[in-house]
Each structure stands twice: as structure tokens, then as C-alpha cells.
Amino acid sequence: MARPSPLWDLWTGLRGGNIILAARIIISFYIAGGVLAAVDQPLQTVEEMRATSLQLRRDSLEMIYGAGSGHPGGSLSEIDILVALYFGVMRYDANDPAWSGRDRFILSKGHASPGFYATLSMAGYFGREELSSYRKTDGLLQGHAHPMTPGVEMNSGSLGMGLSFALGHALAARLDGKDYKVYALLGDGECQEGEVWEAAMSAAHHRASNLTAIVDRNRIQNDRFTDEVMTLEPLADRWRDFGWNVITCDGHEHAEVLRALETASEGGPTAIIANTVKGKGVSFMENNPAFHGRAPNAEEYEAALKELA
Amino acid sequence: MATQRASAATRETYGRTLLTMADDHPDIVVLGGDLNVSTFVHLWRDQYPERFFDFGPAEQNIVGVAAGLAAAGKVPFVSTFSVFGTGRPYDQLRVLISQPSLNVKLVCTHAGILTGEDGMSAHGIEDLSLMCSLPSFTVITPADAPETEQAVRAVASTHGPVYVRLPRAATQIVHDNEYQFSIGAADVMKSGGDVAIIAMGSLVAPALDAADSLAGQGIDAQVVNLHTLAPADESAIIAAAQETGAIVTAEEHYVHGGLGSVVAGVLARNCPVPVEMVALHGYTSSGPANELMEKNGLTAAGVEAAVHRVLKRKG
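What comes next concerns the included structure. (Residues numbered from 1 in each chain as written. Chains lettered and ligands numbered in written order. Predicted model: local features only at pLDDT ≥ 70, side-chain atom pairs only at ≥ 80, totals over all residues. Heavy atoms only, no water.)

1. Let's talk about helix H5 (residues 113-123) of chain A
Side chains three or four residues apart in an α-helix point the same way, a direct result of the helix having 3.6 residues per turn. Residues and elements named next belong to chain A. In terms of burial, H5 is a largely internal element, 10 of the 11 residues being buried. Listed in full, the buried residues belonging to H5 are Ser113, Pro114, Gly115, Phe116, Tyr117, Ala118, Thr119, Leu120, Ser121 and Ala123. On its buried face, H5 is in contact with helix H3 (46-67), helix H4 (72-89) and strand S1 (104-107). Once H5 ends, the next one or two residues include Gly124, with phi positive near 100°. (Buried < 20%, exposed > 50% of the residue type's maximum accessible area, 1.4 Å probe, protein only. Helix = DSSP H or I, 4+ residues; strand = E, 2+ residues; numbered from the N terminus. Contact = heavy atoms within 4.5 Å.)

2. Remarks on the state of the cysteines
Residues and elements named next belong to chain A. Across all of its chains, the model carries zero disulfides over all chains by this definition. Counting only cysteine sulfurs, Cys249 is the nearest neighbor of Cys191, a cysteine outside any disulfide, at a range of 14 Å. Accessibility expressed as a relative area gives 5% for Cys249, which makes it buried. (Disulfide = S-S within 2.5 Å.)

3. Considering the side chain of His110 of chain B
With respect to the secondary-structure elements, His110 of chain B resides in the loop between strand S5 (105-108) and helix H6 (127-132). One polar contact links His110 of chain B to Thr109 of chain B, side chain to side chain, over a distance of 2.8 Å. (Polar contact = N/O pair within 3.5 Å; in protein donor to acceptor, adjacent residues only side chain to side chain.)

4. Considerations on the packing of aromatic side chains
Tallying each qualifying case throughout the model produces 14 aromatic pairs over all chains. Ring centres 4.2 Å apart and planes at 10° place the aromatic pair Tyr65 of chain A and Tyr301 of chain A in the stacked group. Residue Tyr65 of chain A is found in helix H3, and its partner Tyr301 of chain A is found in helix H11 (residues 298-307); the two are separated by 236 residues along the sequence. Judged by relative accessible area, Tyr65 of chain A falls into the partly exposed class, the value being 32%. Note on Trp44 of chain B and Tyr48 of chain B: the rings are 4.9 Å apart at their centroids and 45° apart in plane angle, and the pair reads as tilted. For Trp44 of chain B, a relative accessible area of 0% translates into the label buried. Judged by its relative accessible area of 15%, Tyr48 of chain B is buried. Taken together through their ring pairs, the aromatic side chains of Tyr86, Tyr92, Phe105, Phe116, Tyr117, Tyr125 and Tyr134 of chain A make up a single cluster. (Phe/Tyr/Trp six-rings, centres within 6.5 Å; stacked < 30°, edge-to-face > 60°.)

5. What about the interface of chain B and chain A?
At the junction of the two partners, chain B supplies 25 residues and chain A supplies 23 residues. Both sides of the chain B and chain A interface together cover about 1900 Å² of buried area, and 65% of this is carbon and sulfur. Looking at the side of chain B facing chain A, the largest losses of area belong to Phe53, Asn61 and Leu96 of chain B, adding up to 24% of the total buried there. For Asp176 of chain A, the salt bridge identified is with Lys74 of chain B, shortest N-O distance 2.5 Å. Counting across the chain B and chain A interface gives nine residue pairs in polar contact (both at pLDDT 80 or more). Looking at the side of chain B that touches chain A, the elements with two or more residues in it are strand S3 (52-54), helix H3 (59-71) and helix H5 (90-98) of chain B. Within the side of chain B that touches chain A, the residues separate by chemical class into 13 nonpolar, six polar and six charged. (Buried area = accessible area lost by both parts, 1.4 Å probe. Salt bridge = Lys/Arg side-chain N within 4 Å of Asp/Glu carboxyl O. Nonpolar A, V, L, I, M, F, W, Y, C, P; charged D, E, K, R; others polar.)

6. A closer look at the layout of surface pockets
All names here are of chain B. By volume, the second largest pocket amounts to about 430 Å³. Together, 22 residues line the second largest pocket, and Gln172, Ser202, Pro206, Met293 and Leu298 are the ones closest to its centre. Where the lining of the second largest pocket is concerned, the elements lending two or more residues are strand S8 (171-172), helix H8 (204-215), helix H11 (289-295) and helix H12 (300-314). In terms of residue class, the lining of the second largest pocket is built from 14 nonpolar, six polar and two charged. (1 Å grid on protein atoms, 1.4 Å probe; cavity = no way out; pocket = protein on both sides within 12 Å on 5 of 7 lines; lining within 4 Å. Points joined across faces, edges and corners; volume = space filled by probe spheres on them.)

7. Looking at the pairing of strand S13 (residues 247-254) of chain B
Working note: regular strand, side chains alternate between the two faces of the sheet. All names here are of chain B. Of all eight residues making up S13, seven are buried, and the element is well covered by its neighbours. Across four bridges, the pairing between strand S10 (residues 195-199) and S13 is parallel. The residue of S13 that forms the bridge with Ile197 is Val248. Of the strand pairs in this sheet, S13 and strand S14 (residues 275-280) are connected by five bridges, and their pairing is parallel. Along S14, the bridge assignment pairs Tyr254 with Leu280. This β-α-β element, S13 to helix H10 (residues 259-270) to S14, shows right-handed connectivity. (Pairing = 2+ DSSP bridges. Right-handed = clockwise from strand over helix to strand, strands pointing away.)

8. Quick word on the sheet that holds strand S6 (residues 138-140) of chain B
Residue and element names in this part refer to chain B. In spatial order, the strands read S3-S2-S4-S5-S7-S6-S12; together these seven strands make up an open sheet with mixed pairing. Two strands close off the open sheet at either side, each with one partner strand: S3 and strand S12 (228-230). Shown here is a sheet whose adjacent strand axes are inclined to one another by a mean of 20°, direction ignored. Where S6 lies against strand S7 (residues 162-165), three bridges are found, and the strand directions are parallel. Counted as the bridge partner of Val139 is Tyr163 from S7. Relative to strand S4 (residues 75-79), helix H1 (residues 10-21) is tilted by about 165°, and along the sheet it contacts strand S2 (28-32), S4 and S5. The sheet strands contacting H3 are S2 and S4, and the helix crosses S2 at an angle near 170°. (Axes fitted to C-alpha atoms, helices over the stretch in contact; angles between N-to-C directions.)

So this is what it looks like as C-alpha cells:
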């Protein structure tokens, strides 16, 4: 969501059932006589989020089809999480991506960039026309997300790094006395990287209460199903054992994701295991490892768009 | 007869210099990996605990967190041993720091073979090769304590990723109080027209000793301290070759990818002259540091022998 305005904070306070917070915000606003910051993007209702998700799924496939390569499966599985974050929870100013008070979103599974780019574009970071520059020479949108793109915090493409990077931002917030939140989205296969657990251990040790890890638990990685490659379960217990609060939710139900994110914001570090479906929304991509990292052909693309209409 | 010089451990100079910058550089934070007494950042840890983070020996995570802190506007100094701080998190250095050119300072100690008795795995002889392969990194090897102090101050005030290479052992002090360090500007310590010895780090003092000895034989050797390997001072390297027509490089690093390779590359492109390289030609075993330096020819005598070889080739 946009840079915080008193109205936005009020809305958040009310939605969280926190009348006192809401009241305090109203009072402090009037006392301060502050200027109402422009709200760039209205918060979306859950119903609106569903429509947004459909649009972003179509956008993701359009980008991948246009580029002739990319990762559809993980983009389609992450979309509803991104929509809940960007249109329901996060504070940011798309006109000022470097605003120091912004909440940080770090895409650790950087190959799932199409879903992320489509989200950033809809959030106002850059024009929709840029989406066609995905993976193109001199384009704004690199194959794996890079901070040259407005709204992208971290260079990505090598798995396991995002949680460490997110922890750096989380510790910086404490040093600077800022109240921003830091969210890192990890793939489930990515949790096979040792650095994830180094970061998990240290985030708990350093009490990074403003840090939330979200695992896109779609059960498929590059080659095969995660269980065939390397057992991840009991995944929630593993995060818990590393000192994290753990919330499990349906990663395609916006309301559930929102609830999980709000609970996480009460103090962490918190890991949200978001159960998702790889390739969500397109029948022949769903639960199909073949579409982890291959573009649809013309026929598949047309069929997919029909299903996402 | 080698000149008698005082010695000092540059890693201690590093730790003490950091402390003096705390007030003027409020964004400096220090990250360590359970080697903080050895790297001397325990001085900072004890004085500024809220600006210090220990991560244990988890170097991938340390570098990743440092990148995040830098992206949030902090100036993280990361310190561990060179073998752990460069090879282990190489991919994090590449993806998270070099590619987006983030403002992280990686200051590693115990580089080279002066870790002696700890043996092969503790000998950091590949770090310069790794770090020079990362396009955004500035790579600095101070020769002594005064140069270390100035280098640490300079990197704190310069935006961008930097690797600073320090040894465990004390190194001879070759600079006086007048010395002015500047990142990327070679330090010509002695002029000379017959041959140029381009040295770095622990080999600068032996290079100066070799030049003294060669003077007694009527050979006028120039000595250049190339403290910054990336970006290398190409004009100084070319000038040395043009003035002398023969180059000897001297470094406590594997012969591939370090000082010799960088100098040879510059000369091949600009001013090809004969080059001899004093460097390590492979791994070496446990042993007292001075014995290992002798065994591998990383001495004034080794440099002198290389000068005679290159002068024969110069003809």
C-alpha cells in the first residue's frame, strides 16, 4: 500500500480490530495538523484482490511468452501472496522507491520475477509498457530481479540469499529507530540452501522482530517434486526449532494470507508457510514440474489465457 | 644486509583505526564471524556493542546481511580470515555486493602464508584472484601499519565495495609519517632505471632490501608498491616498464590471478617487456612463517635472483 497516510493507518488499525491504535492515529493526526499524504493506490478488498491476481497471472504469462523463456510455475504460485502484500499490507511510495521508511519486500526466489514485475507495475513503480522489456537487451526487467528495476531491493538469481539480505535491512531499521517491516519471499526448494538456515538462526539470535519470511510452498522445484529431490518436511517444525514463530496458511486465499501477515506484524521473526500450487490458475501447468522454467508455446499460451479470463 | 625496521601487526592497526572513526562515521557497523579477537574487531565489539553483529562462522550469511545493511544505508565492515571471507561466500560477494555495487568493506586478516603452522587450508593464497575477478571491487593490500591506517580511513570514506587484505604476522614498517596513501595510485618508493620491482604487502620490505643489495652491484632498481590491485594503476605500471624495460613482480599469493597476472596483463596490452614473478607456485605446508617464506623464495634473495633473471632476458 502507499506511503502511510493517517487514513491508511486508520484503516489498518480498524481492520486489525485495533480501535485504540486507530483512535490514537486520528488524534495525533489532528494534533499535528499534518498534511494528508496522497494515497497512490487504494487498498483492495479481498474481492478486488482476486481480480488483481487474475490480471497479474495473465501479465506474467504474457511476459514469459513474449520473452520465449522464464519461470511460469513459481510466478503463478506466488501471485496471491504478492497481491496481499502490495495491495493490503505494505507501506511504500512507488513514486519514491528509495523512501527510507518503506516496508521492504525481498524476492529471494528471483527466478519468479515475472509475477513480481507485474505486481510492481500495477503498484505504480513503472509503466505497464515496460513489461514487454522482460529479458530483452537493454530492457528494464532482467531475467532475475535486479535493483536496476524500481521497487526491486535485491539482486537475485542465486538461491538462499534473500533472508540474509532481509535481515540486514531489519537490523538497519533497529539501528535507525525506524518501524518498517521486512518481508522475504523464499521458494520451498530454496530452503535446501544452507544459507537460509544460517540466516534463520541469526535472525532469531538477533531478535529481528520486524522480519517475516514467507515460503512459497508449492512442492515443486527445478527438476522434480521437492520430496523427490530433498525432503523438506517437517518444514514448519524446522523453522520453529530455529526460534521462529510459524504460521501456515493457504497461499491462494488472500484473506488467509492477510491474516497471517497481520499476525506476523505483531512481532517475529515469523515464518509464514504459504501452501500453494505451482502453476496456479492454469490447469496444465498446475503441479507440473515441466513448467517450473519453460515458456508456453503459442497454443499453450492461448489456452492459458482462456483459463485466466 | 637487510635494513633493520620496526614491525607492527596491521590487523591490530585496523582494529584501532576503526575505533577512531566511530564518531565521524555513524553509519559504520561491524560484522564478525567468531574470529573477532584475531581480527581485532573485538575492540569495536566491546566499545560499540549496538553497532556490532556476530554471526558465528557462517560467512555466506555474514556477507548477505552486510549487503542488506549497505542497501539500507549502513557502511558495514566485515572481518574474518581471508580464506573464510572470500572463498566461502564468493557467490554472495558476487551476486549481492559486486553486481549491485553495494558499499560493503570486507577487511580480511590472516591472508597469505604468514599463518604458517596452521597449514595449507589456512594459507590464503587465492583471495586476490577471487576478489579481482569481481568487477566492482576495489582490492587493497597494505604493506605496513601506516599504510593500513590510511587505507582503512580511505575506504570508509569511499563509496563502493572494497576488499582489504591483511596478514596475521607483523610486517616491517616501510612508510614514514609523510606518506600519503591514495586508493588506486601506485606508491613509487624508489626510482631506478635498470629494472622495476613491483611488490605488494609483505613483499615490499624484501623488495626494498633487494634494491639496496642490487645497488651495491651497480644495478639501479626501481621499487613500486602496488597496494591497489583493482583498479590497478596502469599508468604507473606502464611508466615503470618504459623507464626500465624489465619488470619483477613480488607477492605472497598464488602466481595465477594476483599481482603478477595483473601487471603482466597491463604490460601485454600496452608495453610488453620481460617479466619475472616472485610468487607462490602452489600450496605449501605447515611451518614457521619465516621458514615458509624462505622455502618459497618470498625473500629479498628471491627477488634479487628474479631481477638477475629478468635482466638476462632484457639483454
